[in-house]
Amino acid sequence: MTSGQPLPQDREPTLTIAQVVERTGLSHDTLRYYERAGLIERVGRTTGNQRRYQAADLAWLEFLLRLRETGMSIADMERFARLRAEGDATVADRLEMLREHRAELADRIRTLRRNAVALDDKIDHYRRLLHERQPGTDDLT
């Protein structure tokens, strides 16, 4: 990630905010919020002061989306981002955060699976009720 300074011309190809919006599904406002909240470091700018995202920025955003989609709170995402910005000295702390988050995710997955089974049972119950009430239904269907 860059420090918000103008990008040199010889750098890797960069993406506009519109391209990042298209690739990630995040809104312009969410990207700006993520920057203000410290979830992403200040993004490099063109001489016209337009944000330009590098491949590393996009990879980090995609990881943040995974954290969000798996239920990590914004506060924990911000904490993780701060630790990441502090460098290698925080690897153990980041590993612990991810392990705890993964364990919570596994618990939610188990709960969702149990709930899915309960829903399937209820769907089957109502299908049987409808089948029994319909005159002339074939028992083989």
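Residues numbered from 1 in each chain as written. Predicted model: local features only at pLDDT ≥ 70, side-chain atom pairs only at ≥ 80, totals over all residues. Heavy atoms only, no water.

### Quick word on the overall build of the protein
Reasoning step 1: Along the backbone of the protein there are 5 helices and 3 strands.
Reasoning step 2: Overall, the protein shows an N-to-C arrangement of helices and strands of β-α-α-β-β-α-α-α.
Reasoning step 3: Of all 141 residues assigned to the protein, the portion counted as buried reaches 29%.
Reasoning step 4: Taking contacts inside the protein between residues at least 6 apart in sequence as the whole, the part at least 24 apart equals 55%.
Reasoning step 5: Carbon and sulfur atoms form 50% of the exposed surface of the protein, whose accessible area is close to 9800 Å². (Helix = DSSP H or I, 4+ residues; strand = E, 2+ residues; numbered from the N terminus. Buried < 20%, exposed > 50% of the residue type's maximum accessible area, 1.4 Å probe, protein only. Contact = heavy atoms within 4.5 Å. Areas by Shrake-Rupley, 256 points an atom, 1.4 Å probe, with all protein chains shown as cover.)

### A look at a negative patch on the surface
Reasoning step 1: On the surface, D76, E86, D93, E96, E100 and E104 cluster together into a patch of negative charge.
Reasoning step 2: Residue assignment for the negative patch shows that the elements contributing at least two residues are α4 (74–86) and α5 (91–133).
Reasoning step 3: Secondary-structure assignment places D93 in helix α5. (Patch = residues over 30% accessible without salt bridge, like charges linked within 9 Å, V, L, I, M, F, W, Y side chains within 5 Å. Salt bridge = Lys/Arg side-chain N within 4 Å of Asp/Glu carboxyl O. Lys, Arg positive; Asp, Glu negative; His and termini not counted. Charge placed at Lys NZ, Arg CZ, Asp CG, Glu CD.)

### Some remarks on the pattern of salt bridges
Reasoning step 1: Under the counting rule described, the total for this entry stands at 4 salt bridges.
Reasoning step 2: The closest approach of N and O atoms between R110 and D107, which form a salt bridge, is 2.2 Å. Linking R110 with D107, this pair stays in helix α5, spanning 3 residues, or about one helical turn.
Reasoning step 3: By relative accessible area, which is 42% here, D107 ends up partly exposed.

### Some remarks on the confidence of the model for the protein
Reasoning step 1: Summing up the model confidence of the protein, the mean pLDDT is 88 and the portion of residues at 70 or higher is 87%.
Reasoning step 2: Looking at the elements of the protein, mean pLDDT is at its lowest for strand β2 (residues 44–45), recorded as 84, and at its highest for α5, recorded as 97. (pLDDT = per-residue confidence, 0-100.)

### Points about the nonpolar core
Reasoning step 1: Ranked by internal contacts, the top residues of the largest apolar core, which has 23 residues, are L31, Y34, I40, Y53, L61 and L64.
Reasoning step 2: Mapped onto this core, the elements with two or more residues apiece are α1 (17–24), α2 (28–37), α3 (55–69) and α4.
Reasoning step 3: Per-element accounting of this core gives the leading share, 6 residues, to α3. (Core = buried A, V, L, I, M, F, W, Y, C linked by side-chain atoms within 4.5 Å.)

### Considering α4
Reasoning step 1: If you check α4, its first and last C-alpha atoms are 18 Å apart, about what 13 residues at 1.5 Å a residue would give, namely 18 Å.
Reasoning step 2: Those residues of α4 that sit buried are M77, E78, F80, A81 and L83.
Reasoning step 3: Summarising the contacts, the buried residues of α4 are in contact with α2, α3 and α5.
Reasoning step 4: Backbone geometry just downstream of α4 places G87 in the positive-phi region, at approximately 95 degrees. (Expected span 1.5 Å × (residues − 1).)

### Digging into unusual backbone geometry
Reasoning step 1: Located in the positive-phi region is N49, a residue other than glycine, with phi close to 70 degrees.
Reasoning step 2: Position of N49 relative to the elements: it lies in the loop between β2 and β3 (51–53).
Reasoning step 3: According to the relative accessible area criterion, N49 is exposed, its value standing at 51%.

### Looking at the sheet that holds strand β1 (residues 15–16)
Note: strands within a sheet are paired through backbone hydrogen bonds, in either parallel or antiparallel orientation.
Reasoning step 1: Read across the sheet, 3 strands follow the order β1-β3-β2 without closing on themselves; strand pairing throughout is antiparallel. This sheet does not close on itself; its edge strands, each paired only once, are β1 and β2.
Reasoning step 2: Both β2 and β3 contribute to a ladder of 2 bridges, which runs antiparallel. Looking across to β3, one finds that R45 is bridged to R51. (Pairing = 2+ DSSP bridges.)

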